Amino acid sequence: MNQQQNNKTMNVAFLIYDQVEALDLNGPLDVFIKANLISAGSYHCYTVGKMKDAVCMEANTMAIIPTYDIQTAPRPDMIVIPGANPDYVMEYLQDQDFQNTVMQWIKDLYQNGTIVFTVCTGSMHLSKTGILNHKEITTHSMLLDALEQHNPESIVRRDVRFVDQGQLITTAGITAGIDAALYLVGKHHGQNLVDTIAELFEYQQSSKN
């Protein structure tokens, strides 16, 4: 792993939307929050929704209110896109309003240098943006075939935990988001910080990428 030391605070925006998968969101979020607690000023984390209204997480078990909407959010250095149940993700692909607002916001930021980090089925959300074109990508094992069908110009990787394409990071299912977040912390701030976070989590790290 090429470690890149970075002393600038990174703005990390976590996209939330109706039926978002809880661990897809909270796993990476907690990694970056812990990194900032240990190494103050490393990450500024916040949530962003299409609007400021509360949205329900998977199975309607709880409602969460985004910190910002896409109009008022600070410019992110990185956007984390958690996944959802595949049926919901496919519905969002057909939702023109979602595509023309939320996905366009992400596309515009990506084209201006923002890193995009998808977790689990979150990569499928990008299928109409062009961001995945000519990239190696992955997703949850249940959606690999669909991801390949929707992105014929991409190389879909199987049996990996995450794929780093520089400005684009995609992960396999759910807990792989924690692996990739730890990897990115190491890339930005070094392995010692990663090891400290993993010890706090009591988490067995994976490096299969």
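Structural notes, computed from the coordinates. (Residues numbered from 1 in each chain as written. Predicted model: local features only at pLDDT ≥ 70, side-chain atom pairs only at ≥ 80, totals over all residues. Heavy atoms only, no water.)

### What about the pattern of salt bridges?
Here is the rule we go by: The salt bridge definition used is simple: a Lys or Arg side-chain nitrogen within 4 Å of an Asp or Glu carboxyl oxygen. Helix and strand labels come from DSSP, where a helix needs a run of H or I of at least four residues and a strand needs a run of E of at least two; each type is numbered from the N terminus. Each residue gets one of three labels from its accessible area relative to the maximum for its type: buried under 20%, exposed over 50%, partly exposed in between, using a 1.4 Å probe on protein chains only.
The full count for this structure, using the stated rule, is 8 salt bridges. Lys 8 is paired through a salt bridge with Asp 77; the nearest N and O atoms lie 3.2 Å apart. With a gap of 69 residues between them, Lys 8 in the segment before β1 (10-15) and Asp 77 in the loop between β5 (68-69) and β6 (78-81) connect regions that are remote in the sequence. The shortest N-O distance in the salt bridge between Lys 34 and Asp 30 comes to 2.8 Å. In this pair, Lys 34 and Asp 30 both sit in helix α1 (residues 22-38), 4 residues apart, roughly one turn of the helix. A relative accessible area of 23% places Lys 34 in the partly exposed class. Taking relative accessible area as the criterion, Asp 30 reaches 27% and is therefore assigned partly exposed. A cluster of three or more residues bridged by salt bridges with shared partners is formed by Asp 145, Glu 148 and Arg 158.

### Section: the environment of Gly 41
Defined as follows: Residue contacts are counted whenever heavy atoms from the two residues lie within 4.5 Å of one another.
Note that Gly 41 resides in the loop between α1 and β2 (43-49). Gly 41 sits in the partly exposed class, given a relative accessible area of 31%. The sequence separation of Gly 41 and Met 10 amounts to 31 residues, and the corresponding C-alpha distance is 8.1 Å. Each residue touching Gly 41, except ones within four places of it in the same chain, is listed here: Lys 8, Thr 9 and Asn 36.

### A few points about the packing of helix α5 (residues 176-189) against helix α6 (residues 191-201)
When two helices pack together, you describe them by how their axes are tilted relative to each other and by the distance separating the axes. Which entries qualify depends on this criterion: Note on method: axes are straight lines fitted to C-alpha atoms, helices fitted across the in-contact stretch only, with angles between N-to-C directions ranging 0 to 180 degrees. Charged means Asp, Glu, Lys or Arg here, nonpolar means Ala, Val, Leu, Ile, Met, Phe, Trp, Tyr, Cys or Pro, and polar covers whatever is left, Gly included.
Two elements in contact, α5 and α6, have axes separated by 7 Å at closest approach and are oriented at 150°. Facing Ile 178, Leu 182, Val 185, Gly 186 and His 189 of α5, the residues of α6 in contact are Gln 191, Leu 193, Val 194, Ile 197, Ala 198 and Phe 201. Tallied by class, the residues present in the contact of α5 with α6 amount to 8 nonpolar, 3 polar and no charged.

### As for the state of the cysteines
Heads up, the condition is: By disulfide we mean two sulfur atoms from cysteines, separated by a distance within 2.5 Å.
Inspection of every chain in the model, using the stated rule, returns 0 disulfides. With no disulfide of its own, Cys 45 has Cys 120 as its nearest cysteine by sulfur position, at a separation of 20 Å. Judged by relative accessible area, Cys 45 falls into the partly exposed class, the value being 22%. For Cys 56, which is in no disulfide, the shortest distance to another cysteine sulfur is to Cys 120 and amounts to 20 Å. On the accessibility criterion, Cys 56 (26% relative accessible area) is partly exposed.

### Thoughts on the pairing of β1
The cut-off we apply is this: Note on pairing: DSSP must find at least two bridges between two strands before they are called paired. Whether a crossover is right-handed depends on one test, that the path from the first strand over the helix to the second runs clockwise when the strands point away from the viewer.
Taken across its 6 residues, β1 has 6 buried, putting it largely inside the fold. Residues Met 10, Val 12 and Phe 14 point to one face of β1 and Asn 11, Ala 13 and Leu 15 to the other, with burial holding for every one of them. In this structure, β1 lies alongside β2, joined through 6 bridges in parallel fashion. Each residue of the ladder has a partner; that of Leu 15, found in β2, is Val 48. For the handedness criterion, the β-α-β arrangement of β1, α1 and β2 is classed as right-handed. Note that β1 and β6 share 3 bridges and pair parallel.

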